[in-house]
Amino acid sequence: MLLNFSVRVLCILGVCNINIPINWCKREHRLETPETRINREKMPGLTPEQIEIVKSTWQLVAKAPEDAGEAILMRFFEKFPDNQKYFPFRNVPRENLKGSVMFRSHAGRVVAVFQKAVDAFNTADPVATLVEIWTEIARTHFRRQIKQKSFDELKEVVLEILTAACNLDEVQQTAWAVTLDTIFGIISKELANLAESSQ
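These figures come from a predicted structure and were not determined experimentally. Sequence order as written defines residue numbering, which begins from 1 separately in each chain. Two thresholds apply to this predicted model, a pLDDT of at least 70 for residue-level local features and 80 or more for giving and counting side-chain atom pairs, whereas whole-chain, interface and lining totals are computed over all residues. Where side-chain values are given, they derive from all heavy atoms of the structure, hydrogens and water being excluded.

Caption draft 1: Summary view of the pattern of salt bridges. Salt bridge, as used here: a side-chain nitrogen of Lys or Arg that lies within 4 Å of a carboxyl oxygen of Asp or Glu. Evaluated as defined, the whole model comprises 13 salt bridges. The closest approach of N and O atoms between Glu 160 and Lys 79, which form a salt bridge, is 3.1 Å. Residue Glu 160 is found in helix H7 (residues 148-166), and its partner Lys 79 is found in helix H4 (residues 65-79); the two are separated by 81 residues along the sequence. Summary of the burial criterion: residues with accessible area below 20% of their type's maximum are buried, those above 50% are exposed, and those between are partly exposed, where the area comes from a 1.4 Å probe applied to protein chains only. Taking the relative accessible area as the measure of exposure, Glu 160 reaches 18% and is therefore buried. Within this structure, Glu 66, Asp 67, Glu 70, Lys 98 and Arg 104 form a network of salt bridges that share partners. Runs of E in the DSSP output that reach at least two residues are strands. Runs of H or I that reach at least four are helices, and both are numbered from the N terminus.

What follows is the structure, encoded as structure tokens:
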């Protein structure tokens, strides 16, 4: 049975009753090569094995970014509805969002930023690359008066969706939790700096 990412996630979360296999994101993790090996000193907090887990489990998301983003944002608004006011479709009823061109386009852009974060693991200095990506995200969202609380809630939802969609085991969840802590830690730090400098 072929189902898109968002339908699969909704089924696993119990929103629909379609029976589907829950291990379609399980993959044999690739062994490190000299080309992909990451120096732990350059990526503190994540082991090379955890980096490979993140890269391999992300593959399903990368194949359907708009579906993935749609699943994430739908769950985000369902669980934390107050956040919809920060988006251009703030006045659209949630039940009308799914499938709309504007919503799916925005959802795809959300996933595209996370794609850049995963791609950062293949750069010579992944920390610097991540800081550059997510500092800019913090700055643009600070200008729109989006608070730390919203980012904390998004982080929670992203991990929830990835865990459900990829049937992540404890080891895989830990790898993603550390990755998201790193990403959202960069955002948090920059938001705090911006708030302090604006006083």
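This is not the end of the story, as more comes after the structure.
Caption draft 2: Spotlight on the nonpolar core. The criterion is simple. A nonpolar core is a set of buried Ala, Val, Leu, Ile, Met, Phe, Trp, Tyr and Cys residues joined through side-chain atoms within 4.5 Å. Residues Leu 73, Phe 114 and Trp 134 are the most contacted members of the largest nonpolar core, which totals 48 residues. Contributions of two or more residues to this core are made by helix H2 (48-57), H4, helix H5 (101-120), helix H6 (126-143), H7 and helix H8 (170-197). No other element matches the nine residues that H5 contributes to this core. Residues are treated as being in contact if the distance between any of their heavy atoms lies within 4.5 Å. The residues touching Trp 134, leaving out its near neighbours within four places in the chain, are Val 113, Phe 114, Ala 117, Ile 183, Ile 186 and Ile 187.

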